Amino acid sequence: MSAARNRRADLRIGIDVGGTNTDAVVLDASDRPVAKTKVATTPDINTGIRRALAAVLADPRVGAARVGHVMIGTTHATNALLERRELRRVAALRIGAPASTSVRPIFGWPEDLRRAVSADAAVVAGGLELDGGDSVAFDADAVARFCAEVGDRAEAIAISSVFAPVSPRHEFLALDVVRRELGDIPVSLSHQVGSLGLLERENTTILNAALGRVAVQVVQAIEDALKVHDLGHAVPYFAQNDGTLMSLESTERTPVLTIGSGPANSLRGAAFLTGEANALVADVGGTSTDIGALSLTFPRESAFGVEIGGVATNFRMPDLVSIAIGGGTVVARDGDGAVSVGPRSVGYRLGERALVFGGEVATLSDAAVAAGRARMGHQDVPASAHPLLAEAIGESDRRITDAIDRIKVTRGDLPLIAVGGGSVLIPDGLPGVTEVIRPEHFDVANAIGAAIGTVSGHVDRIVSIGRTEGERARVIEEARKDAVGNAVGAGADPGAVEIVEIDEIPLSYLREPAVRLRVKAAGPLSKV
């Protein structure tokens, strides 16, 4: 890129593709919002993104030539799993016989998801001990026979080895056999997407392989949209589950790491807009509310495995409590006369179906207007609907309070940052909350979170720390350097990367002292 263009590239665009709306925001070199928009999400991700880009580029203060980076967060992968569409047929190969044959791969999956994804599965001899030595010799012939069996029906291969986070050696041996037998078929390796816990890591790897086609489509949609708007020179990044960014190439290789990017963007955007480093965040959309917690401005990650589409996994995800409360949530009375709040929602049709917009459906947005919390629409709420809506907003408050109580892990009250287009539902005071903060640009906090995304590098490994203090310090320093190197390799500015998280978890029942070491480094993007 020329030096002249480099000087002009002082704008960044953040885009968040949600289930109801696609939001976009343009930030200048001082991180000030220059333009923003909110358009309806379309069934094909491409059209919604193009419309959002067209809207922000129409602002006279924004020129396409000045845009250096475009950051995207999307729930497209999540929706593909939930709707069982566009998934690849995956052959699951586990390297762990005879020790790990009691539970087969894809065991316990929802039947419809298993039918949509599974091409076949096998467990072959191999796997490692915790110290990195062979547990059983790797059986390359068995891998070759499995390839011959699935070659005509598998669209991707998922390889998982016992203790691959300690050493991926057997996974790479299996990859060599697959390449020799099946050529360039897409392959996912478990050590690249999951952590300790064979079954959860294997599930994560299979889901990652299944999402390969979806990832290719999304990446293609982004590249096409950028070209249409003369943004072919801009460097695109995808937001991932921990609130940091990764390249398009990484997105195609590990699409499963984008599944939690929407809520992560909202939390990062909330931290940026308020300056709060440790707080609760409620992101209220049209259909649901996600409540999470900030830890040093990053989303607090879940300490437990998460379930995606009915499948237990163990990859990095924000710690969230999600409830079916949103601006479009339908309010009614059931057969017994009791108030019913959700889970149905009018979603993106709020502007035509809600009472305040002349529609026929009572929603929580109508309840917020009736309670004096919001002003929207062009019609008054009918007097006959007030009793129902008053009960509904009370039930909404009760569920939000309960969700806040569930997400807190420490004693004492915390501030709550309310973001998202439906955040008018949240009252000014709630139990367990010191104050409710409503920042400017709250309606596009998720897109802002994408735009300010930093680039991260991770290390998650099991290491022997010996019996001396010097050995422990040495392995930690080595992991710190590797995490920084991974962040720089992903595009972070080498002069601004810093370690933002270190977890050291002692492991018991081993002959030598060992720990699971998790290190995260993050920094701003390098200049284009």
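Residues numbered from 1 in each chain as written. Predicted model: local features only at pLDDT ≥ 70, side-chain atom pairs only at ≥ 80, totals over all residues. Heavy atoms only, no water.

S.K.: So what exactly am I meant to see when it comes to the domain arrangement of the protein chain here?
M.R.: Under the domain assignment used here, the protein chain contains domain 1 (89-185) and domain 2 (453-523). Centre-to-centre, using C-alpha coordinates, domain 1 lies 28 Å away from domain 2. (Domains from an automatic or database assignment.)

S.K.: Quick question: what am I supposed to make of the side chain of Ser-396 here?
M.R.: Relative to the assigned elements, Ser-396 resides in helix α13 (residues 386-407). We classify Ser-396 as buried; its relative accessible area is 0%. Not counting chain neighbours up to four residues away, the residues in contact with Ser-396 comprise Ile-325 and Leu-364. (Helix = DSSP H or I, 4+ residues; strand = E, 2+ residues; numbered from the N terminus. Buried < 20%, exposed > 50% of the residue type's maximum accessible area, 1.4 Å probe, protein only. Contact = heavy atoms within 4.5 Å.)

S.K.: Can you walk me through the environment of Val-67 in this structure?
M.R.: Topologically, Val-67 is positioned in strand β4 (residues 67-74). C-alpha of Val-67 to C-alpha of His-233: the two residues are 166 residues apart in sequence and 8.3 Å apart in space. If sequence neighbours within four positions are ignored, Val-67 has contacts with Ala-9, Leu-11, Ile-13, Leu-231, His-233 and Ala-234.

S.K.: How should the UniProt feature "domain: Hydantoinase/oxoprolinase N-terminal" (unreviewed entry) in the protein chain be read in this particular structure?
M.R.: Within this numbering scheme, the UniProt entry marks residues 12-181 as carrying the feature "domain: Hydantoinase/oxoprolinase N-terminal" (unreviewed entry). What you have in residues 12-181 is 31% helix and 30% strand, and the ends, taken at the C-alpha atoms, are 44 Å apart. (UniProt positions renumbered as here; feature names shortened; annotations may be inferred.)

S.K.: I keep staring at the pairing of strand β19 (residues 414-419) and nothing clicks. Help me out?
M.R.: If a strand is regular, its side chains alternate between the two faces of the sheet. Judged by how many residues are buried, β19 sits mostly within the fold: five of six residues are covered. By the bridge criterion, three bridges tie β19 to strand β20 (residues 433-437) in an arrangement that is parallel. When the bridges of β20 are listed, Leu-416 appears paired with Val-436. (Pairing = 2+ DSSP bridges.)

S.K.: How do you make sense of the sheet that holds strand β5 (residues 90-97) when you look at a structure like this?
M.R.: Within a sheet, neighbouring strands are paired by backbone hydrogen bonds and run either parallel or antiparallel to one another. If you walk across this open sheet you meet the four strands as β6-β5-β7-β8, and the pairing is parallel. The open sheet has two free edges, formed respectively by β6 (118-125) and β8 (187-189), since each of these has just one partner strand. Within this sheet the neighbouring strands show an average axis-to-axis angle of 15°, counted without direction. Strand direction decides the pairing type here: strand β7 (residues 156-161) and β8, joined by three bridges, are parallel. (Axes fitted to C-alpha atoms, helices over the stretch in contact; angles between N-to-C directions.)

S.K.: Would you explain empty space enclosed by the protein in this entry?
M.R.: In this approach, a probe sized like a water molecule rolls over the atoms, and the result shows the empty space that is left. Counted under the stated rule, the structure contains one cavity of 30 Å³ or more. Estimated volume of the largest cavity: approximately 70 Å³. Lining of the largest cavity is provided by Thr-74, His-76, Ala-77, Leu-211, Val-214, Ala-215, Val-218, Phe-238, Thr-251, Pro-255 and Thr-258. Listing elements by their share of the lining of the largest cavity, those giving two or more residues are α3 (76-83) and α8 (212-228). For the lining of the largest cavity, the element with the highest residue contribution is α8, accounting for three residues. (1 Å grid on protein atoms, 1.4 Å probe; cavity = no way out; pocket = protein on both sides within 12 Å on 5 of 7 lines; lining within 4 Å. Points joined across faces, edges and corners; volume = space filled by probe spheres on them.)

S.K.: Explain the packing of helix α2 (residues 45-57) against α8 to me, please; I cannot follow it from the model alone.
M.R.: When two helices pack together, their arrangement is captured by the angle between the axes and the distance separating the axes. Between α2 and α8, whose axes approach to 9 Å, the crossing angle comes to 30°. The hand of the α2/α8 crossing is right-handed. Of α8, the residues touching α2 (which contributes Ile-45, Asn-46, Ile-49, Arg-50 and Leu-53) are Val-218, Ala-221, Ile-222, Asp-224, Ala-225, Leu-226 and Val-228. Residues that form the contact of α2 with α8 fall into these classes: nine nonpolar, one polar and two charged. (Left-handed = near helix turned anticlockwise from the far one by under 90°. Nonpolar A, V, L, I, M, F, W, Y, C, P; charged D, E, K, R; others polar.)

S.K.: Where do I start with the nonpolar core in this structure?
M.R.: Generally speaking, soluble globular proteins have nonpolar side chains that are buried together. Among the nonpolar cores identified, the biggest contains 59 residues, and Ile-13, Ile-15, Leu-53, Leu-211, Leu-231 and Ile-259 are the most heavily contacted of them. Per-element tally for this core: the top contributor is α8, with seven residues. Of all hydrophobic cores here, the second largest spans 39 residues; its members include Ala-362, Leu-388, Ala-392 and Ile-404. (Core = buried A, V, L, I, M, F, W, Y, C linked by side-chain atoms within 4.5 Å.)

S.K.: Help me understand the side chain of Glu-171, please; the structure alone is not making it clear to me.
M.R.: Take Glu-171: it is sitting in helix α6 (residues 169-182). Although Glu-171 is buried, it makes no salt bridge; Arg-201 carries the closest opposite charge, 4.1 Å away. Each residue touching Glu-171, except ones within four places of it in the same chain, is listed here: Ile-95, Ile-159, Ser-160, Ser-161, Ala-164, Leu-189, Ser-190, His-191 and Arg-201. (Lys, Arg positive; Asp, Glu negative; His and termini not counted. Salt bridge = Lys/Arg side-chain N within 4 Å of Asp/Glu carboxyl O.)

S.K.: I would appreciate a short explanation of the confidence of the model for the protein chain in the present structure.
M.R.: For any part of a model where pLDDT is low, the fine detail of the predicted coordinates should not be relied upon. Averaged over all residues, the pLDDT of the protein chain is 89; the fraction at 70 or higher stands at 97%. Confidence drops under pLDDT 50 across residues 1-5; counting only partners more than four residues distant or on other chains, this segment forms four contacts. (pLDDT = per-residue confidence, 0-100.)

S.K.: Would you explain the sheet that holds strand β3 (residues 33-40) in this entry?
M.R.: Read across the sheet, nine strands follow the order β3-β2-β1-β4-β9-β10-β21-β23-β22 without closing on themselves; strand pairing throughout is mixed. Whereas interior strands pair on both sides, the edge strands pair on one side only; in this sheet they are β3 and β22 (498-507). Strand after strand, the sheet turns through a mean of 30° between neighbouring axes, direction not considered. Taken together, the three bridges between strand β9 (residues 235-239) and strand β10 (residues 244-247) define a ladder with antiparallel strand orientation. Counterpart to Phe-238 in the pairing with β10 is Met-246. Here α8 sits on the sheet in contact with β4 and β9, set at roughly 140° to β9.

S.K.: Help me understand unusual backbone geometry, please; the structure alone is not making it clear to me.
M.R.: Peptide bonds are trans in most cases, and residues, glycine excluded, mostly fall at negative phi. A cis geometry characterises the amide bond from Ala-97 onward to Pro-98, with omega recorded as 5°. By secondary structure assignment, the location of Pro-98 is in the loop between β5 and α4 (111-117). Cis peptide bonds are those with omega within 30 degrees of zero, and the linkage from Gly-342 to Pro-343 qualifies with 0°. By the secondary structure assignment, Pro-343 is in strand β18 (residues 339-345). Phi angles above zero are rare outside glycine, and Ile-106 is one such case at about 70°. Relative to the helices and strands, Ile-106 resides in the loop between β5 and α4. On the accessibility criterion, Ile-106 (6% relative accessible area) is buried.

S.K.: Explain the packing of aromatic side chains to me, please; I cannot follow it from the model alone.
M.R.: Aromatic ring pairs are reported here in terms of the distance separating the ring centres and the angle at which the planes meet. Applying the stated criterion across every chain yields a total of zero aromatic pairs. The ring centre of Phe-298 lies 4.2 Å from the NZ or CZ of Arg-268, which sits over that ring. (Phe/Tyr/Trp six-rings, centres within 6.5 Å; stacked < 30°, edge-to-face > 60°. Lys NZ or Arg CZ within 6 Å of the ring centre and 35° of its normal.)

S.K.: I keep staring at helix α5 (residues 140-150) and nothing clicks. Help me out?
M.R.: Given 3.6 residues per turn, any residue in an α-helix points the same way as the ones three and four places further on. All of the buried residues in α5 are Ala-142, Val-143, Ala-144, Phe-146, Cys-147 and Val-150. Tucked inside the fold, the buried residues of α5 contact β5, β6, β7 and α6. Regarding α5, its N-cap is Asp-139, as a side-chain oxygen of that residue lies 3.3 Å from the backbone nitrogen of Asp-141 further along. (Polar contact = N/O pair within 3.5 Å; in protein donor to acceptor, adjacent residues only side chain to side chain.)

S.K.: Would you take a moment to explain the pairing of strand β2 (residues 21-27) for this structure?
M.R.: For β2, the buried fraction is high: six of the seven residues fall into the buried class. In the sheet, strand β1 (residues 11-17) pairs with β2 via six bridges, with the strands oriented antiparallel. Along β2, the bridge assignment pairs Arg-12 with Leu-27. Connecting the antiparallel pair β1 and β2 is a turn made up of three residues. Bridge count between β2 and β3: seven bridges; the pairing is antiparallel. Among the inter-strand pairings, Ala-24 is bridged to a residue of β3, identified as Thr-37. From the end of β2 to the start of β3, which pair antiparallel, there are five residues, and Asp-31 there has a positive phi angle of about 65°.

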